[in-house]
Amino acid sequence: MSPSNVLGKGRTALVTGASRGIGPLIARQIAREGGHVVLTGRSAADLQTVASDLAAAGADVSFMPVDLTKPGAAETLVATIERRRGGIDLLVNNAGGDPLREFHTMTFEENLRTLQLNLIAPLALSHAVLPAMMRRGRGHIVNISAMAGRASFPYTEAYAAAKDGLIGFTRVLRADYHARGVSASVLILGAIRDAGQGQRMLDESGMKASGFMALAESVARAVVKAVNKDRAELIILPGPGRLIRAIMDYFPGLGPQVNRAAGATTTLQKIIEQREAKADAAA
Ligand SMILES: NC(=O)c1ccc[n+]([C@@H]2O[C@H](COP(=O)([O-])OP(=O)(O)OC[C@H]3O[C@@H](n4cnc5c(N)ncnc54)[C@H](OP(=O)(O)O)[C@@H]3O)[C@@H](O)[C@H]2O)c1
């Protein structure tokens, strides 16, 4: 059982974005601690596959398909799980992503959808789980953020705004509710390989993973570490993550230079052009 008492037998975790990418690895790692894990995402078929795989490995899991950008979705999801399971002890706000398109070429509504998925949905879910967590005197919320804003990662304006927002949200949430038994942690991810959106981009561009990318499995382990050790922030980068982040903040011009030197800007531009050409051909 973790010091914050939210992992293990008799406890329930909700993991968003658990249908593909890094989410299934997070769910598996939490399930290993014991307790029940509820998986969510939009695709019922993918959730079913992940749930079957985890159950075959001995995990106690269920799933609920939900589109978290729909109004009221977070509240309904939480109320349903609380009714069925008696409460949610751990919420992992992992669902997220970026459409990888230039800011000005997307409609403003498309940019708002990125904010909705990456920032508003985690806030709505946290808002919905808090009352029961406080009543029971235990709970932990883990938010999955990104280095995008700190490192000026190209073409991620709305995504970077959302992920930086999530860092501020987590800090204040943690400060306000810790004494009432509810903790919060944020994981700030650099580029991740072996699963998820970063790996898909590598596959699409035919590039190999660089030494700057951390393993998806390390994110899953960090979620459990954040809960068990009650850590406020963990940076998931190969090497001295906290130092790299501090340097990026101290020298805001460094991120764009590194992105250009590492070829990220050109590669992403190429992927955008390829996708647009494909979409034009299909239209
Ligand atoms: N991979 C990286 O390099 C990297 C780097 C930094 C941060 N991150 C962050 O890590 C988290 C996981 O990323 P990932 O790479 O695993 O992404 P991914 O492979 O694209 O998976 C995204 C997950 O979010 C779910 N999702 C997307 N839209 C949704 C919606 N409207 N409602 C409910 N669920 C939705 C997806 O399921 P459905 O499609 O079934 O809905 C899927 O399970 C994200 O928050 C991401 O921003 C990733």
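In what follows, the structure referred to is the one given above.
Quantities reported herein were computed from a predicted structural model and do not represent experimental measurements. Every chain's residues receive numbers from 1 upward, in the order its sequence appears when written. Note on the predicted model: pLDDT of at least 70 is required for a residue's local features to be given, and 80 or more for side-chain atom pairs to be given and counted; whole-chain, interface and lining totals, by contrast, use all residues. Computation of side-chain values: all heavy atoms of the structure, hydrogens and water removed.

Novice: Which residues make up the site of the ligand, and what are the values?
Specialist: Taken together, 31 residues lie near the ligand, and R42, N94, Y159, Q197 and R200 sit nearest. Pairs of N or O atoms are called polar contacts if they sit within 3.5 Å, as long as, within protein, a hydrogen donor faces a hydrogen acceptor (for residues adjacent in sequence, only side-chain-to-side-chain pairs). Within the backbone of L68, an N or O atom sits 2.9 Å from a nitrogen atom of the ligand. Bound to the protein, the ligand loses 95% of the 890 Å² it would expose on its own. Among the secondary structure elements, those contributing two or more residues to the shell around the ligand are strand 5 (139-146), helix 5 (157-177) and helix 6 (197-205). Any residue with a heavy atom positioned within 4 Å of a molecule or strand is treated as near that molecule or strand. For accessible areas, the Shrake-Rupley method is used with a probe of radius 1.4 Å. Any residue's cover is judged against the shown protein chains and nothing else. The secondary structure listing takes helices from DSSP runs of H or I that are at least 4 residues long and strands from runs of E that are at least 2 residues long, numbered from the N terminus.

Novice: Summarise a nonpolar patch on the surface; cite the residues concerned and give the values.
Specialist: The residues that make up patches have over 30% relative accessible area and no salt bridge, and they are joined within 9 Å when like-charged or within 5 Å when they are Val, Leu, Ile, Met, Phe, Trp or Tyr. For this analysis, a salt bridge means a side-chain nitrogen from Lys or Arg found within 4 Å of a carboxyl oxygen belonging to Asp or Glu. A grouping of L243, I247, Y250 and F251 is seen on the molecular surface, where their side chains present a nonpolar patch of about 460 Å² in accessible area. When you line up the elements, F251 lands in the loop between helix 8 (241-250) and helix 9 (254-261).

Novice: Report on the pattern of salt bridges, specifying residues and quantitative values.
Specialist: A complete count under the given rule lists 12 salt bridges for this structure. Residues R136 and D89 are paired through a salt bridge, measuring 3.0 Å at the closest nitrogen-oxygen approach. Residue R136 is found in helix 4 (residues 108-136), and its partner D89 is found in the loop between helix 3 (73-85) and strand 4 (90-93); the two are separated by 47 residues along the sequence. In this structure, D230 and R174 form a salt bridge, with 3.1 Å as the shortest nitrogen-oxygen distance. In this pair, D230 sits in the loop between helix 7 (216-228) and strand 9 (233-236) while R174 sits in helix 5, placing the two residues 56 residues apart along the sequence. Exposed residues in this analysis have more than 50% of their type's maximum accessible area, buried residues have under 20%, and partly exposed residues fall in between, with area computed by a 1.4 Å probe over protein chains only. Judged by relative accessible area, R174 falls into the buried class, the value being 18%. One salt-bridge network, held together by shared partners, links D89, R136 and R138.

Novice: Now, about the packing of helix 4 against helix 5: what can you tell me, with residues and values included?
Specialist: Axes here refer to lines fitted to C-alpha atoms; in helices the fit is confined to the stretch in contact. Angles between the N-to-C directions go from 0 to 180 degrees. It is at 8 Å that the axes of helix 4 and helix 5 come closest, and there the two elements cross at 15°. In this view, helix 4 runs roughly parallel relative to helix 5, as classed from their interaxial angle. Remark: the crossing between helix 4 and helix 5 carries right-handed chirality. Judged by residue contacts, N111, T114, L115, N118, L119, P122, L123, S126, L130 and M134 of helix 4 engage A158, Y159, A161, A162, K163, G165, L166, F169, L173 and Y177 from helix 5. All residues other than Ala, Val, Leu, Ile, Met, Phe, Trp, Tyr, Cys, Pro, Asp, Glu, Lys and Arg, Gly among them, are scored as polar; the first ten of these are nonpolar and the last four charged. Of the residues contributing to the contact of helix 4 with helix 5, the split by class is 14 nonpolar, 5 polar and 1 charged. With respect to orientation, any angle under 35 degrees is reported as roughly parallel, any angle over 145 as roughly antiparallel, any angle of 65 to 115 as roughly perpendicular, and every other angle as oblique. Whether a crossing is left-handed or right-handed is set by the direction in which the near helix is turned from the far one by less than a right angle, anticlockwise for left-handed and clockwise for right-handed. Contacts: residue pairs with any heavy atoms within 4.5 Å of one another.

Novice: Report on the nonpolar core, specifying residues and quantitative values.
Specialist: I26, I30, L39, L90, V92, L187 and I236 are the most contacted members of the largest nonpolar core, which has 38 residues in total. The element best represented in this core is helix 7, accounting for 8 residues. Beyond its immediate chain neighbours, meaning those up to four positions away, I30 contacts L7, A13, V15, V37, L90, V92, V223 and V224. Judged by nonpolar contacts, the second largest core, of 28 residues, contains L77, L91, L119 and M133. Throughout this description, the term nonpolar core refers to a set of buried Ala, Val, Leu, Ile, Met, Phe, Trp, Tyr and Cys residues connected via side-chain atoms within 4.5 Å.

Novice: I'd love a proper account of the sheet that holds strand 1 (residues 12-15), names of residues and values included.
Specialist: At least two DSSP bridges between two strands are required for those strands to pair. The strand order across the open sheet built from 7 strands is 3-2-1-4-5-6-9, with neighbouring strands paired in parallel fashion. Of all the strands in the sheet, the pair left with one neighbour each is strand 3 (60-65) and strand 9. Averaged over all neighbouring strand pairs, the angle between strand axes comes to 15°, with direction disregarded. For strand 5 and strand 6 (residues 182-189), the ladder comprises 8 bridges, and the chain directions are parallel. Residue pairing for strand 6: G139 is matched across the bridge by V182. Relative to strand 5, helix 5 is tilted by about 155°, and along the sheet it contacts strand 5, strand 6 and strand 9.

Novice: Go over the pairing of strand 5, please, and point to the residues and values.
Specialist: The buried fraction of strand 5 amounts to 8 of the 8 residues, a majority that puts the element mostly inside the structure. Taking every second residue as pointing to the same face, both faces of strand 5 are buried, with G139, I141, N143 and S145 on one and H140, V142, I144 and A146 on the other. Bridge count for strand 4 against strand 5 is 4 bridges, and the pairing is parallel. Among the inter-strand pairings, V92 is bridged to a residue of strand 5, identified as V142. Handedness of the strand 4-helix 4-strand 5 crossover: right-handed. A crossover gets the label right-handed when its path from the first strand over the helix to the second runs clockwise, viewed with the strands pointing away from the viewer. After leaving strand 5, the chain enters helix 5 and then returns to the sheet as strand 6, a path that is right-handed.

Spatial relationships are all this shows, so hold off on functional conclusions.
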